[in-house]
Amino acid sequence: MPSDTAHRDAGGPDGPGRAERLSALAQQHGALVTLLLAMVVASLSFDTFLTGDNLENMALSSAFLAVVALGMTFVIVTGGIDLSVGSLFALGGVLAAWGSQYGTAVALLLPLAGCGLIGLVNGLLIARSGLAPFIVTLAAMLGARGILLAVTDEGSRTYLVDKDSFFATLGQGSLLGIGVPVWITVVLFVLGAVVLRRTRFGQYVYAVGGNEDAAALMGAPVARTKIAVYTMSGLCAGLAGALNAAWLVSGVTILGSGMELEAISAVVIGGTLLTGGFGFVSGSLVGVLLLKAIQNVINQIGSLDSAYQQVVSGAFLAVVVVAQTWLGRRRRML
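Residues numbered from 1 in each chain as written. Predicted model: local features only at pLDDT ≥ 70, side-chain atom pairs only at ≥ 80, totals over all residues. Heavy atoms only, no water.

J.: I'd like a rundown of helix α8 (residues 180–198), residues and numbers included.
T.: Helical geometry note: an α-helix holds 3.6 residues per turn, so side chains three or four residues apart project in the same direction. Its 19 residues place the ends of α8 27 Å apart at the C-alpha level, agreeing with the 27 Å of an ideal helix rising 1.5 Å per residue. Turning to α8, its buried residues are Val-180, Pro-181, Val-182, Thr-185, Phe-189, Gly-192 and Leu-196. In this structure, the buried residues of α8 make contact with α3 (52–77), α7 (166–172), β1 (174–175), β2 (178–179), α9 (200–210) and α13 (281–301). (Helix = DSSP H or I, 4+ residues; strand = E, 2+ residues; numbered from the N terminus. Expected span 1.5 Å × (residues − 1). Buried < 20%, exposed > 50% of the residue type's maximum accessible area, 1.4 Å probe, protein only. Contact = heavy atoms within 4.5 Å.)

J.: Could you give an account of a nonpolar patch on the surface, with specific residues and numbers?
T.: A surface patch of nonpolar side chains, about 450 Å² in accessible area, is lined by Leu-117, Leu-120, Val-121, Leu-124, Leu-125 and Leu-131. Relative to the helices and strands, Leu-120 is located in helix α5 (residues 104–129). When its relative accessible area of 31% is taken as the criterion, Leu-120 is described as partly exposed. (Patch = residues over 30% accessible without salt bridge, like charges linked within 9 Å, V, L, I, M, F, W, Y side chains within 5 Å. Areas by Shrake-Rupley, 256 points an atom, 1.4 Å probe, with all protein chains shown as cover. Salt bridge = Lys/Arg side-chain N within 4 Å of Asp/Glu carboxyl O.)

J.: Quick rundown of the environment of Gly-71? Include the residues and the values.
T.: Within the secondary structure layout, Gly-71 lies in helix α3. For Gly-71 and Ser-233, which are 162 residues apart along the polypeptide, the C-alpha to C-alpha distance reads 4.0 Å. Not counting chain neighbours up to four residues away, the residues in contact with Gly-71 comprise Ser-233 and Cys-236.

J.: How would you sum up the packing of helix α4 (residues 85–99) against helix α6 (residues 133–151)? Please name residues and give values.
T.: For the pair α4 and α6, the least separation of the axes is 8 Å and the interaxial angle reads 25°. It follows that α4 is roughly parallel to α6 by the angle criterion. For α4 against α6, the interelement crossing comes out left-handed. Contact residues: α4 offers Gly-86, Ser-87, Leu-88, Ala-90, Leu-91 and Val-94, while α6 offers Met-141, Ala-144, Arg-145, Ile-147, Leu-148 and Val-151. Taken together, the residues that form the contact of α4 with α6 break down as nine nonpolar, two polar and one charged. (Axes fitted to C-alpha atoms, helices over the stretch in contact; angles between N-to-C directions. Parallel < 35°, antiparallel > 145°, perpendicular 65-115°, else oblique. Left-handed = near helix turned anticlockwise from the far one by under 90°. Nonpolar A, V, L, I, M, F, W, Y, C, P; charged D, E, K, R; others polar.)

J.: If you had to explain the nonpolar core to someone new, which residues and values would you point to?
T.: By size, the foremost hydrophobic cluster in this structure holds 73 residues, and its most contacted members are Val-68, Met-72, Phe-74, Phe-167 and Ile-264. By residue number, the principal contributor to this core is α3, which donates 13 residues. (Core = buried A, V, L, I, M, F, W, Y, C linked by side-chain atoms within 4.5 Å.)

J.: An account of the pattern of salt bridges is needed here, citing residue identities and associated values.
T.: Tallied over the entire structure, the rule returns one salt bridge. A salt bridge links Glu-212 to Lys-226; the shortest N-O distance between them is 2.9 Å. On the criterion of sequence distance, the pair formed by Glu-212 in helix α10 (residues 212–217) and Lys-226 in helix α11 (residues 222–248) is long-range, its members being 14 residues apart. A relative accessible area of 35% places Glu-212 in the partly exposed class.

J.: Tell me about the side chain of Asn-296, and please be specific about residues and values.
T.: Take Asn-296: it is sitting in helix α13. Contacts of Asn-296, omitting those with residues within four sequence positions, involve Phe-49, Asn-54 and Met-58.

J.: Give me the environment of Gly-258: which residues, what numbers.
T.: Tracing the chain through its elements places Gly-258 in the loop between α11 and α12 (259–269). For Gly-258, a relative accessible area of 25% puts it in the partly exposed group.

J.: Which residues make up the side chain of Lys-226, and what are the values?
T.: On the basis of relative accessible area, Lys-226 is assigned to the buried category, the value being 15%. Excluding residues within four positions of it along the chain, Lys-226 makes contact with Gly-123, Ile-126, Ala-127, Val-208 and Glu-212.

J.: So, α3: which residues are in play, and what are the values?
T.: Here α3 is 26 residues long and its end C-alpha atoms lie 35 Å apart, about the 38 Å a rise of 1.5 Å per residue gives. Considering bend angle alone, the principal kink of α3 is centred on Ala-63 and spans about 35°. Directly after α3, the chain includes Gly-79, whose backbone phi takes a positive value near 90°. (Bend = angle between axes of the 7 residues up to and from the residue.)

J.: Explain unusual backbone geometry residue by residue, including any values.
T.: Located in the positive-phi region is Asp-153, a residue other than glycine, with phi close to 55°. Take Asp-153: it is sitting in the loop between α6 and α7. Located in the positive-phi region is Leu-176, a residue other than glycine, with phi close to 60°. As for its position among the elements, Leu-176 is in the loop between β1 and β2.

J.: Could you give an account of the confidence of the model for the protein chain, naming the residues involved and the relevant values?
T.: Of all residues in the protein chain, 84% have pLDDT values of 70 or greater, and the mean over the chain is 85. The least confident element of the protein chain is helix α1 (residues 4–9), whose mean pLDDT is 41; the most confident is α11, at 96. Low confidence marks residues 1–15, where pLDDT is under 50. Its contacts with residues over four positions away, or in another chain, come to six contacts. (pLDDT = per-residue confidence, 0-100.)

And the structure:
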């Protein structure tokens, strides 16, 4: 007569539950384990990797992408995509730099209003008109870049931020030895985690991404949820651009190109499924840190140029997507 252990291994009532939990843990914490391993290897290979200055630079450079990835996480969990965030990031920076001459409030509210409005339009077109997110946000990406060029006279004009202003302090200041943008990012991610995991709106986000038709039958406000997440994505991109402008004390027009792909990569690497219905903001933060760690290691090597970062990031993303697909199929089989 077979033992209980053999029964569980063969697919008994305890076996699938354990295997399913292991698959879920691999999806949720795989990026974190990879990040820790990468940091250990990098610290053993390069003496300057774990220095305070290097870690501070990594944290600051990660903060702006992380804020964009936070909004992207909500979008992807609903099963959508937002290709406009890179252009909105650049537009937010220019609007913030221009508005800084009228005070910090204008420098922050103007990019939030402008980019949030574009995100709202994206959400309305996707939710109310049934248009594909890829097409709508691609059009928004081109439109936002056009507005950026119009505001800056075809990119020939760069607006500067007064280095002594409070707005510049938001980008260049520090608290307890840590940059203010990093603190802002941490606060936003804590709030994002609470909203996604502990509120009814977060439940709606998961429900819409898991099965939109079933979510509608259960009474979830599908259209309002989609509108909200795309608006949130626009707000996050605009805020990230404003903080970046405060850090650089200028509205640089050439920034943001390809940032949408970086944000999507970070979110997916962090464990969020591109098909929607599964994900978490902490994983997106880990994904951003992992991408920045890879970039930092390549910079430390010195003999490799920045193109290798894209090659490594793309290869790593492909591996993660394949692993997610395999784990998802395994969980469904169990």
